[in-house]
Amino acid sequence: MSSSSRRKSREIALMALYQLELVNPALSEVLKFRWYDKKIETEERDFAISIINGVVKNADAIDTLIKKYSRNWDFSRISPVNKCILRLSIYGLLHSKEIPPRVTIDEAVELTKEFESENSVPFINGVLDSILQYETNRHGKPDPQEPNLPGDGRT
């Protein structure tokens, strides 16, 4: 899958997660992508679905990490867009072993610039850098000595 296809998949996943955050529709309806009015290639759709399902399945553990590493920010004050960017990026850091962690963080920064604001970039970057540093080992893989997320294959 090309980097542009992965980027489009992340954008689609972000939009879906945003809907789930604000409107709370049925996941099955969101995954039909009727709300998306552009062409989606099969591999883009499949990657977006894997991200969305992974974030939803691991939502509590991911939100716990956001709360832990968003120092000086009350979770309720984090914008819905920033929460969704963090959620999909944290899922990527901890579960997408084929994508280098720096690529995941760079994509998060680009999504933040596009869908939120330049002012949010240091916050997003800081949270993700901290998670990368403290929740993964030097190779960007989940640290086997650390508590694991449910369903990450280390149980």
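In this text, all values refer to a predicted model and were calculated from it rather than measured experimentally.

Student: With reference to specific residues and values, describe the packing of aromatic side chains.
Tutor: One pass over the structure, following the stated rule, counts 4 aromatic pairs. Centroid distance Trp35 to Tyr36: 5.8 Å. Interplanar angle 80°. Geometry classified as edge-to-face. Members of the aromatic cluster, joined through ring pairs, are Phe33, Trp35 and Tyr36. A cation over a ring is seen here: Lys67 above Phe75, with NZ or CZ 4.8 Å from the ring centre. Geometry around Phe75 places Lys83 over its ring, the cationic atom sitting 4.3 Å from the centre.

Student: So what's going on with the nonpolar core? Which residues, and what values?
Tutor: Residues Phe33, Ile52, Leu86, Ile90 and Leu128 are the most contacted members of the largest nonpolar core, which totals 41 residues. Counting only elements with at least two residues in this core, the list comes to helix 1 (3-22), helix 3 (42-57), helix 4 (59-69), helix 5 (80-95), helix 6 (101-115) and helix 7 (121-135). Here the element with the most residues in this core is helix 5; it accounts for 9 residues. Leaving out residues up to four positions away in the same chain, Ile52 has contacts with Ala13, Ala16, Leu17, Leu20, Leu27, Leu31 and Phe33.

Student: Tell me about unusual backbone geometry, and please be specific about residues and values.
Tutor: Not every positive phi belongs to a glycine, and Asn24 is a case in point at roughly 60°. Position of Asn24 relative to the elements: it lies in the loop between helix 1 and helix 2 (27-30). Located in the positive-phi region is Phe33, a residue other than glycine, with phi close to 60°. Following the sequence through the fold, Phe33 ends up in the loop between helix 2 and helix 3. Judged by its relative accessible area of 4%, Phe33 is buried.

Procedures and definitions
Residues numbered from 1 in each chain as written. Predicted model: local features only at pLDDT ≥ 70, side-chain atom pairs only at ≥ 80, totals over all residues. Heavy atoms only, no water. Phe/Tyr/Trp six-rings, centres within 6.5 Å; stacked < 30°, edge-to-face > 60°. Lys NZ or Arg CZ within 6 Å of the ring centre and 35° of its normal. Core = buried A, V, L, I, M, F, W, Y, C linked by side-chain atoms within 4.5 Å. Buried < 20%, exposed > 50% of the residue type's maximum accessible area, 1.4 Å probe, protein only. Helix = DSSP H or I, 4+ residues; strand = E, 2+ residues; numbered from the N terminus. Contact = heavy atoms within 4.5 Å.

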